[in-house]
Amino acid sequence: MTTAAPSVHPRELSDAPDWWRQAVVYQVYPRSFADSNGDGLGDIPGITSRVPYLAQLGVDAIWLSPFYPSALADGGYDVADYRDVDPRLGSLADMDELIAELHAHGIRVVVDIVPNHTSNDHAWFQEALAAGRGSAARDRYIFREGTGPDGSEPPTDWQSVFGGSAWERVADGQWYFHNFDVSQPDLNWANPEVRADFVKTLRFWSDRGVDGFRIDVAHMLTKDLTEPLPSAAELAALPQDGNHPLLDRDDVHEVYAEWRAVFNSYDPPRTAVAEAWVHPSRVPLYASIDSLGQAFNFDLLEADFDARQFRRIVTDNLALAARSGSSTTWVLSNHDVVRHATRYGLPDAERGADGRPTLKHGNRWLLSGGTEPALDAERGQRRARAAALFVLGLPGSAYLYQGEELGLHEVADIPDSARQDPTFFRSPGVDQGRDGCRVPLPWTAEGPAFGFGDAAAHLPQPDWFAAYAVDRQDGDPASTLSMYRRALDLRHELQTAEQLEWLDLGREDAVGFARPDGWIVVTNFGTEPIALPAGEVLLSSVPVEAGTLPGEASVWLRA
Ligand code: NOJ
């Protein structure tokens, strides 16, 4: 419950070079945010029109998922030109306007860089196809001869992340490597031209005023493909210790050291955050200030709504951040996973021996689009609100995914004919894919496409979206939107040193911590009410009375 109406501070853009350390960064998935021209696809002017909304929400920065020219084979992560805007989304002039508008509202801009692979529509790949084997153009990618008597078998039995072979044959018989979709050929990061071109891209956007970069699969760029290549089984058995042929190689940091010099040549220095799915002990390499400077911590995406798991994750990640000198990042949802309101309304994940969720049938919903068994939507939302206040009270930066401030659930029942995600097509159909968290936002309860735009949205919006619309929640002090606005507003007011001290609440299923300057956060993960420490209630995820916090709820107190 909010204790006061949200106030809107028109904020100045902070000059502090470390603005990012405890920033709230809001991820915009451009095609699903706001459609200004009625073609069913969100666009850059649509985002610009909603900057006042972002300012009122109180975010410090936005991260824009790719908006570059793309065939949308992987939702824009198949980039045909890194230094342009998809004409369906707008123009470079529109981007300039968006950046200016965000800055005028005190909001910084982070853009997504996808350096592991291009689209097969990229001029370089087209050139490589035309130039033939042994050419300089092919050396920008990873081409190999096939195996078998006539080379008609792929070079190895490696599987792509999205399913199916990681190799695709071209007309003259050679094969190219793609970690992801067949339309996403991997670049050869041993090629100096590739390196130089990305530096050019980083400068291009930095010169246009972009403040930072999110680096897609930052742990995958460099490879050692010296023959003979290992089999898939051999590859899987190799340790990921910095020398693995494909993943998390030490030499990738040579690339980032060069980028760091570019970032630091700007004032304030440009920032970067690594999407690196690596062993926790290796995260500090990416987060180090000599490398990208910050790395995503995805542990909460895989955790149940569970006090012990949350507390361990916080302890571990604060320690990792301290090792790198960076701040940690908190992520409950993004465009790749089932929205957390839905995850928390489903039974806890089945876990393997390593404690990580397994993706067997039955709990596939964790990282894909399904909701089976049945969803307890109300419980999911209650827990999602509690988790949000827990995370927003922590030291470090918080990454929000568009729609979570509305308490949005995953859309689980997208018809197969409307699905877009390559994981659905390449599995095939076994993994329902990630479309369910990418359905365009509901801005109004009435009207076409729930106010997203004048035409039907590119992914179908369900009727129940009306109840989550911005205009339904606006001004309602009990709404999730009001809770987020108040939390972000208070977070600015309470912002304090990057420390916490755990509180002993006498209960295993509740977690409490105090931040410097008297800011206390308590989350009750259990279902029994718990007595609260003394303090003034600033904000809570459910009504709090007489010093008692109900189950599955969080509260912020001022001591
Ligand atoms: C990670 C991105 O978050 C995901 O959406 C994308 O499919 C892959 N990288 C490939 O670019």
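Residues numbered from 1 in each chain as written. Predicted model: local features only at pLDDT ≥ 70, side-chain atom pairs only at ≥ 80, totals over all residues. Heavy atoms only, no water.

Some points on the overall build of the protein
Selection rule: In this text, helices come from DSSP runs of H or I with a minimum length of four residues, and strands from runs of E with a minimum of two, each type numbered from the N-terminal end. For this measure, only C-alpha atoms enter the radius of gyration; the expected value for a globule follows 2.2 Å times N^0.38, where N is the number of residues. Exposure categories follow from relative accessible area, calculated using a 1.4 Å probe and restricted to protein chains: below 20% of the type maximum is buried, above 50% is exposed, and the middle band is partly exposed. Residue burial considers only the protein chains on display, and all accessible areas are found by Shrake-Rupley using a 1.4 Å probe. When charges are counted, Lys and Arg contribute as positive and Asp and Glu as negative, whereas His and the chain ends are disregarded. Where a charge sits is defined by one atom per residue type, namely NZ (Lys), CZ (Arg), CG (Asp) or CD (Glu).
Along the protein, the regular secondary structure elements total 15 helices and 17 strands. Here the C-alpha atoms of the protein give a radius of gyration of 23 Å, agreeing with the 24 Å that 2.2 N^0.38 yields for 559 residues. For the protein, the C-alpha atoms occupy an extent of roughly 80 × 50 × 50 Å along the three principal directions. Burial status across the protein gives 60% buried among its 559 residues. Carbon and sulfur atoms form 52% of the exposed surface of the protein, whose accessible area is close to 20400 Å². Each charge sign in the protein was given a centre, from 47 positive and 83 negative side chains, and these centres are 2 Å apart.

What about helix 10 (residues 307-324)?
The test is simple: Each residue after the first adds 1.5 Å to the expected span of a helix. The contact criterion used throughout is that any non-hydrogen atoms of two residues lie within 4.5 Å. Pairs of N or O atoms are called polar contacts if they sit within 3.5 Å, as long as, within protein, a hydrogen donor faces a hydrogen acceptor (for residues adjacent in sequence, only side-chain-to-side-chain pairs).
For helix 10, spanning 18 residues, the distance from its first C-alpha to its last is 26 Å, which sits close to the expected 26 Å at 1.5 Å a residue. Every buried residue belonging to helix 10 is among Ala307, Gln309, Phe310, Ile313, Val314, Asn317, Leu320, Ala321 and Ser324, and all of these are buried. Each element contacted by the buried residues of helix 10 is listed here: helix 8 (283-287), helix 9 (299-302), strand 9 (329-331), helix 12 (377-392), strand 11 (501-503) and strand 12 (510-515). Where helix 10 starts, the residue carrying a side-chain oxygen 3.1 Å from the main-chain nitrogen of Arg308 turns out to be Asp306. Once helix 10 ends, the next one or two residues include Gly325, with phi positive near 80 degrees.

Remarks on the packing of helix 5 (residues 192-207) against helix 7 (residues 252-264)
Heads up, the rule is: The axes are straight lines fitted to the C-alpha atoms, using for helices just the contacting stretch, and the angles between their N-to-C directions are given from 0 to 180°. Here roughly perpendicular refers to angles of 65 to 115 degrees, roughly parallel to angles under 35, roughly antiparallel to angles over 145, and oblique to all remaining angles. Helix crossings fall into two classes, left-handed where the near helix is turned counterclockwise from the far one by less than a right angle and right-handed where it is turned clockwise. Just so you know the grouping, Ala, Val, Leu, Ile, Met, Phe, Trp, Tyr, Cys and Pro go in nonpolar, Asp, Glu, Lys and Arg go in charged, and all remaining residues, Gly too, go in polar.
The geometry of helix 5 relative to helix 7 is characterised by a closest axis approach of 10 Å and an angle of 30 degrees between their N-to-C directions. In terms of orientation, helix 5 and helix 7 fall into the roughly parallel class. Once helix 5 is placed against helix 7, the crossing between them reads as right-handed. For the pair helix 5 and helix 7, contact is made by Arg195, Phe198, Val199, Leu202 and Arg203 and by Glu254, Val255, Glu258, Trp259, Val262 and Phe263, respectively. Partitioning the contact of helix 5 with helix 7 into residue classes produces seven nonpolar, no polar and four charged.

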